[in-house]
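# Overview (structure and organization)
Residue-level listing of the chains:
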Protein chains: 2
Amino acid sequence: MYDKMLRERELKVTPQRIFILEEIRKMGHAGIEDLHDKVKEVYSSVSLATIYKNIHILVEENILREVPVHGRKSVYEINIGDHVHMCCTKCGEITDIMNIDTRPMILEAERQSGQPYERIAVMLQGVCSKCRNN
Amino acid sequence: MYDKMLRERELKVTPQRIFILEEIRKMGHAGIEDLHDKVKEVYSSVSLATIYKNIHILVEENILREVPVHGRKSVYEINIGDHVHMCCTKCGEITDIMNIDTRPMILEAERQSGQPYERIAVMLQGVCSKCRNN
DNA sequence: AAAATTGTTGATATTTTTTATCAATATCTA
DNA sequence: TAGATATTGATAAAAAATATCAACAATTTT
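Cut-offs used in this document
Residues numbered from 1 in each chain as written. Chains lettered and ligands numbered in written order. Predicted model: local features only at pLDDT ≥ 70, side-chain atom pairs only at ≥ 80, totals over all residues. Heavy atoms only, no water. Contact = heavy atoms within 4.5 Å. Buried area = accessible area lost by both parts, 1.4 Å probe. Salt bridge = Lys/Arg side-chain N within 4 Å of Asp/Glu carboxyl O. Polar contact = N/O pair within 3.5 Å; in protein donor to acceptor, adjacent residues only side chain to side chain. Helix = DSSP H or I, 4+ residues; strand = E, 2+ residues; numbered from the N terminus. Nonpolar A, V, L, I, M, F, W, Y, C, P; charged D, E, K, R; others polar. Pairing = 2+ DSSP bridges. Near = heavy atom within 4 Å. Axes fitted to C-alpha atoms, helices over the stretch in contact; angles between N-to-C directions. Domains from an automatic or database assignment. Buried < 20%, exposed > 50% of the residue type's maximum accessible area, 1.4 Å probe, protein only.

### Remarks on the interface of chain A and chain B
The interface of chain A with chain B comprises 34 residues on the first partner and 34 residues on the second. Overall, the association of chain A and chain B removes approximately 2800 Å² of surface from exposure, summing both partners, and the carbon and sulfur fraction of that is 59%. Scanning the region where chain A abuts chain B turns up 0 salt bridges. At the junction of chain A and chain B, the tally comes to 12 residue pairs in polar contact (both at pLDDT 80 or more). A total of 8 residues in the side of chain A that touches chain B trace back to one element, the largest contributor, which is strand 5 (residues 119-126) of chain A. In terms of residue class, the side of chain A that touches chain B is built from 18 nonpolar, 10 polar and 6 charged. Judged from the 7 bridges that link them, strand 5 of chain A and strand 5 (residues 119-126) of chain B form a sheet pairing that is antiparallel. By the bridge assignment, Arg119 of chain A is partnered in strand 5 of chain B with Gln125 of chain B.

### Considerations on the protein's contact with DNA strand C
Around DNA strand C, the surrounding shell holds 22 residues, and the nearest of these are Tyr52 and His56 of chain A together with Lys12, Thr14 and Arg17 of chain B. The sugar and phosphate moieties of DNA strand C supply 72% of its atoms located within 4 Å of the protein. Here a phosphate oxygen of DNA strand C sits 2.6 Å away from a polar atom, N or O, in the side chain of Thr14 of chain B. Note that a phosphate oxygen of DNA strand C is positioned 3.1 Å from one of the side-chain N or O atoms of Asn54 of chain B. Put simply, the parts of the chain that give the surface near DNA strand C at least two residues each are helix 4 (48-60) of chain A together with helix 2 (15-27) and helix 4 (48-60) of chain B. No other element matches the 5 residues that helix 4 of chain A contributes to the surface near DNA strand C. Here the surface near DNA strand C is composed, by residue class, of 8 nonpolar, 7 polar and 7 charged.

### Details of the sheet that holds strand 5 of chain A
In spatial order, the strands read 4(A)-3(A)-5(A)-5(B)-3(B)-4(B); together these 6 strands make up an open sheet with mixed pairing. This sheet does not close on itself; its edge strands, each paired only once, are strand 4 (94-97) of chain A together with strand 4 (94-97) of chain B. If you compare each strand with its neighbour and ignore which way they point, the axes differ by 25 degrees on average. The sheet contacts of helix 5 (residues 103-113) of chain A involve strand 5 of chain A together with strand 3 (84-88), strand 4 and strand 5 of chain B, and relative to strand 5 of chain B the element is tilted by about 60 degrees. Helix-sheet contacts for helix 5 (residues 103-113) of chain B involve strand 3 (84-88), strand 4 and strand 5 of chain A together with strand 5 of chain B, and the interaxial angle to strand 5 of chain A is about 60 degrees.

### Some details on the protein's contact with DNA strand D
Neighbouring residues of DNA strand D: 21 residues in total, closest Lys12, Thr14 and Lys53 of chain A together with Tyr52 and His56 of chain B. By atom count, sugar and phosphate contribute 71% of the portion of DNA strand D lying within 4 Å of the protein. Between DNA strand D and the protein, one listed contact pairs a phosphate oxygen with a side-chain N or O atom of Asn54 of chain A at 3.1 Å. One of the side-chain nitrogen or oxygen atoms of His56 of chain B is found 3.2 Å away from a phosphate oxygen of DNA strand D. Of all the secondary-structure elements, those providing two or more residues to the surface near DNA strand D are helix 2 (15-27) and helix 4 of chain A together with helix 4 of chain B. Residue composition of the surface near DNA strand D, by class: 7 nonpolar, 7 polar and 7 charged.

### Observations regarding the domain arrangement of chain A
Accessible area lost upon the coming together of the parts serves often as the stated size of an interface. All names here are of chain A. On domain assignment, one finds that chain A holds domain 1 (2-78) and domain 2 (84-128). The centre of domain 1, based on its C-alpha atoms, is set 23 Å off from the matching centre of domain 2. At the interface, 10 residues of domain 1 touch 10 residues of domain 2. Carbon and sulfur atoms supply 51% of the area buried between domain 1 and domain 2, which totals about 760 Å² over both sides. When the buried surface of domain 1 facing domain 2 is broken down by residue, His29, Arg65 and Arg72 rank first, second and third, together holding 50% of it.

### Structural notes on the pairing of strand 2 (residues 72-78) of chain A
Residue and element names in this part refer to chain A. Within strand 2, 5 of the 7 residues are buried, which leaves it mostly tucked inside the rest of the structure. The pairing of strand 1 (residues 64-69) with strand 2 spans 5 bridges and is antiparallel. Across the sheet, the residue bridging to Arg65 is Glu77, located in strand 2. Taken together, strand 1 and the strand that follows it, strand 2, pair antiparallel across an intervening segment of 2 residues, in which Gly71 is found at a positive phi of about 75 degrees.

### Let's talk about the pairing of strand 3 of chain B
All names here are of chain B. By the criterion of burial, strand 3 is predominantly enclosed, with 5 of the 5 residues buried. Here strand 3 shows no split at all, with Val84, Met86 and Cys88 on one side and His85 and Cys87 on the other all buried. In this structure, strand 3 lies alongside strand 4, joined through 4 bridges in antiparallel fashion. Each residue of the ladder has a partner; that of Val84, found in strand 4, is Ile97. What sits between strand 3 and strand 4 in their antiparallel hairpin is a turn of 5 residues, with Gly92 showing a positive phi close to 85 degrees. As judged from the 5 bridges shared by strand 3 and strand 5, these two strands associate in the parallel manner. Bridging from a neighbouring strand, Cys87 pairs with Gln125 of strand 5.

What follows is the structure, encoded as structure tokens:
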């Protein structure tokens, strides 16, 4: 699955790398430290540097995307294109909101400024339904 | 000007603090290190810790806002409420886009998820007109 | 206006986070 | 399967952020 993506970019298909990608997909959004912990469960000797190096190269190659978060460290997700994020101001959980079309906002910005935009990152902040009901 | 905002929150009005706020307003968006350099020009002995402490408390008190940026450290701006940011992928400059209404997107998200959102942060990425013409 | 109170500053130490280095090893190519 | 090349893991180094605390400044109280 990720094999092909890596090969296309001439990145070597190592078990650690595959595991990192699969873990991020499972987790949805993962921080460096979370990831390191998860990977260690299987590759107990994995170095933190390996996590950093992989995250960097995978973001550079557009396989992952960085999601910067207010007040804490970035998390990373599989690059599935632009979409809206929500961050709970109480528990901090980050979730995707997939059904909001961001193109109208991009088009409006392009119309106003006369310059094209390649990407848009939207982060909504509020209390999630789980926290709201507790 | 910032005196009142600080007093209302029972923060002491120190020259360093005022200068930091005025400098951020002038610069539009400032990173910690930029700020430290600017403040040092006038208060040559200002400690980096003072910059950090002020940024933190001023963000907490909603006088400043953090603007997280992909691939680098956050910058900070005077809190003028939600608005769209643009970051040039070539020169890195961050600018405000003031005339895009973010409420429709918030309303749509609220309609879909049935939960309220207090804030929205939008970051557009593209090559700015200055870079485009060079 | 001086004294008391309280918060802030600056200096520095410490911690945390990230990057660099490099030999050993694993992946891939031919 | 051998050779070329990239990746890993260990660790050192650098960079970024936070904690500590005495001296000081802003504000409040008297």
